[in-house]
Amino acid sequence: IPAVCGRVCTHPCESHSRRAQVDEPVSICHIKRFVGDYALRDDYNIPQIKSLPPTGKRVAVVGAGPSGLTCAYYLALMGHSPVVFEQREHLGGMMRYGIPAYRFPRAELEREVDWIVSQGIELRMGTTVPNDVTLGELRRDFDAVYIAIGAHNEKTLGIEGENAEGVLSAV
C-alpha cells in the first residue's frame, strides 16, 4: 500500500542511509510517496504483475487492515482465492480508523483498497470471528487461514496515573 507508506512512515531507516556518508541520506519516505502518488495518479496504469494460474486453493483472511489486504493481494497473485472477513463497515483497518484523514486522505485510501480488491479478492463485510463464523468453520471450509485482526484496542500499563485527566491512549 505505497500511498500510505509515503505519508505515514516515520522513516527511521533514513538515519542509517549509507548515502549520508557522501552527502545526505536517501529520502526513502519521499520516494515512497512519489511512487504511491504516481501509481494512483494514473489509476495504476503501470506495468502489473500477472497472476499465476488458479490453484483451486481458498484462503480465509480474517481482518482487512494493511496486513490482511496485503496477504489477500499476494495470495491472489499466486493464483489462490482469498476471502477476506472484516467485522467493520469499511476496509483499511487502522489506516482508516487510526490515521487521521489529514495525514492520509480517505479518497487515496479508497483508491488503494479498491485496486487491491479488484485483483480477485472476495469480501465478507460485517462478519465477526467467532460470532458469525468460527475459527473451526474457517479451518474446515478453507485450505488455510490467515489471522490479521489488528490493534484497535489500547494496551494499558496498569500504572498509577494512566487514567488521569489529560492522559490519552496512543490509539
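Look a little higher up for the structure.
Residues numbered from 1 in each chain as written. Predicted model: local features only at pLDDT ≥ 70, side-chain atom pairs only at ≥ 80, totals over all residues. Heavy atoms only, no water.

> Tell me about the sheet that holds strand 2 (residues 81-86), and name the residues and values.
Spatial strand order, 3-2-1-4: four strands in an open sheet with parallel pairing. Pairing within the sheet leaves two strands with one partner each, and these edge strands are strand 3 (122-125) and strand 4 (144-147). The mean inter-strand angle of the sheet, taken between neighbouring strand axes irrespective of direction, is 20 degrees. Pairing of strand 1 (residues 58-62) with strand 4 involves four bridges; the strand directions are parallel. Residue pairing across strands places Val-61 opposite Tyr-146, the latter belonging to strand 4. Contacts from helix 3 (residues 66-77) reach strand 1, strand 2 and strand 4, with the element oriented near 170 degrees to strand 1. (Pairing = 2+ DSSP bridges. Helix = DSSP H or I, 4+ residues; strand = E, 2+ residues; numbered from the N terminus. Axes fitted to C-alpha atoms, helices over the stretch in contact; angles between N-to-C directions. Contact = heavy atoms within 4.5 Å.)

> Any details on the layout of surface pockets? Residues and values, ideally.
The volume enclosed by the largest pocket comes to roughly 420 Å³. Taken together, the elements giving at least two residues each to the lining of the largest pocket come down to helix 3 and strand 2. In terms of residue class, the lining of the largest pocket is made up of 11 nonpolar, 10 polar and two charged. (1 Å grid on protein atoms, 1.4 Å probe; cavity = no way out; pocket = protein on both sides within 12 Å on 5 of 7 lines; lining within 4 Å. Points joined across faces, edges and corners; volume = space filled by probe spheres on them. Nonpolar A, V, L, I, M, F, W, Y, C, P; charged D, E, K, R; others polar.)

> Before we move on, could you go through the pattern of salt bridges and cite the residues and values that matter?
Summed over the entire model, instances satisfying the criterion amount to seven salt bridges. Put simply, Asp-37 and Arg-33 hold a salt bridge, and the shortest N to O gap is 3.7 Å. A residue pair is termed a helical-turn pair when its members lie 3 or 4 positions apart in one helix, as Asp-37 and Arg-33 do in helix 2 (residues 28-41) at four residues. Glu-110 serves as the salt-bridge partner of Arg-96, at 2.4 Å between the closest nitrogen and oxygen. You can see Arg-96 sitting in helix 4 (residues 94-97) and its partner Glu-110 sitting in helix 5 (residues 106-117), a full 14 residues away along the chain. (Salt bridge = Lys/Arg side-chain N within 4 Å of Asp/Glu carboxyl O.)

> Could you give me a rundown of helix 2, with the residues and numbers involved?
Along an α-helix, residues three or four apart share an orientation, since each turn contains 3.6 residues. For helix 2, with 14 residues, the first-to-last C-alpha span of 20 Å sits near the 20 Å given by 1.5 Å per residue. Of all the positions in helix 2, only Cys-29, Gly-36, Ala-39 and Leu-40 are classed as buried. Summarising the axial view, the buried residues of helix 2 lie within an arc of 100 degrees, below the 170-degree limit, and thus occupy one face. Exposed side of helix 2, more than 90 degrees from the buried face: His-30, Phe-34 and Arg-41 are the residues found there. If you follow the buried residues of helix 2, they end up packed against helix 1 (2-8) and helix 5. (Expected span 1.5 Å × (residues − 1). Buried < 20%, exposed > 50% of the residue type's maximum accessible area, 1.4 Å probe, protein only. Arc of directions from axis to C-beta.)

> Could you give an account of the packing of aromatic side chains, naming the residues involved and the relevant values?
What the rule picks out here adds up to four aromatic pairs. Relative to Tyr-74, the ring of Tyr-73 lies with its centre 4.9 Å away and its plane at 75 degrees, an arrangement referred to as edge-to-face. Exposure remark for Tyr-73: the relative accessible area of 13% places this residue in the buried category. A ring pair is formed by Phe-85 and Phe-142, whose centres lie 5.9 Å apart and whose planes are at 85 degrees; its orientation type is edge-to-face. One end of the pair, Phe-85, is in strand 2; the other, Phe-142, is in the loop between helix 6 (135-141) and strand 4, and 57 residues separate them in sequence. (Phe/Tyr/Trp six-rings, centres within 6.5 Å; stacked < 30°, edge-to-face > 60°.)

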